[in-house]
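Observations on chain architecture
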Amino acid sequence: TVGVHLEPQELIPFDDIDAYDNLQVFEFRMRNLLQTVRHRESGAEIENVVDLDIAIDYYPNAEHDNSGEPWSNLDVDLIVRFSDSFQLATDFEYDFYGQGFEVYNAAVGYTPSRLFQAYAGFRHFADTYDAAFVQTNWRVEEKWMATLESSYDFAEDRGLDHRLVFSRIDHDWVLQFG
């Protein structure tokens, strides 16, 4: 090769991790939106009331590409906006080959104003944890926000995370203290 002055044994080894491989996969995805018109002070606006996204992958060469299983987990995301201030968000992954629900998240959100948000929910990761969480965000000023969040793991019978965070929001970055 022109320009290469190394013997083959001097080259950096190219192991299986760095090797290219053929992957055959078909992705099936469906997204469905249910919309309505909401009348606000600024005028009428079209808004998504229900946003449902469903996806699953098919591997025609499953032995090579997906540990012998022809189908991936079913992945479902759903957001329901009951009003401007109240919503439900959930997502899950379902394993058809034994585990059932591997991942499940559900949360309700309350946003009474542009300055305050509150969320409460539940997270499930198979064989890892089942946790409840709460989070509140208060926009003190346009550029400052305070966040209080806490989560509790029922399987371990202990708190996972408790935080009070103050954030400075700029046009290109966010600085957090907490």
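Our structure is the block above this text.
What you are looking at is a predicted structure, and each value in this text was computed from that prediction instead of being measured.

Structural notes on the environment of Asp77
Among the secondary structure elements, Asp77 is positioned in strand 3 (residues 74–81). What makes Asp77 partly exposed here is its relative accessible area of 31%. The spacing of Asp77 and Asp51 is 26 residues in sequence and 7.9 Å in space, taken between C-alpha atoms. Every residue in contact with Asp77, bar those within four places of it in the chain, is listed here: Asp51, Leu52, Asp53, Thr90 and Asp91.

Notes on the sheet that holds strand 1 (residues 26–40)
The strand order across the open sheet built from ten strands is 1-2-3-4-5-6-7-8-9-10, with neighbouring strands paired in antiparallel fashion. A single partner strand is all that each edge strand has here, and the edge strands are strand 1 and strand 10 (174–177). Each adjacent strand pair in this sheet contributes to an overall mean axis angle of 15°, direction not counted. Note that strand 2 (residues 43–58) and strand 3 share six bridges and pair antiparallel. Bridged to Leu52 within strand 3 is Leu78.

Reading guide: rules and limits
Numbering of residues starts from 1 in every chain and runs along the sequence as written. Residues qualify for local features only when their pLDDT is at least 70, as the model is predicted, and side-chain atom pairs are given and counted only at 80 or more; totals for whole chains, interfaces and linings, by contrast, use all residues. The basis for every side-chain value is the complete set of non-hydrogen atoms in the structure, without hydrogens or water. Under the scheme used here, helices are H or I runs from DSSP no shorter than 4 residues and strands are E runs no shorter than 2 residues, and both carry numbers assigned from the N terminus. Burial here depends on accessible area, computed with a 1.4 Å probe over protein chains only, as a share of the maximum for the residue type. Under 20% is buried, over 50% is exposed, and the range in between is partly exposed. For this analysis, residues touch if any pair of their heavy atoms sits within 4.5 Å. Criterion used throughout: strands pair if DSSP finds at least two bridges between them. Geometry is summarised by axes, namely lines fitted to C-alpha atoms with helices restricted to the contacting stretch, and by angles between N-to-C directions that run from 0 to 180 degrees.

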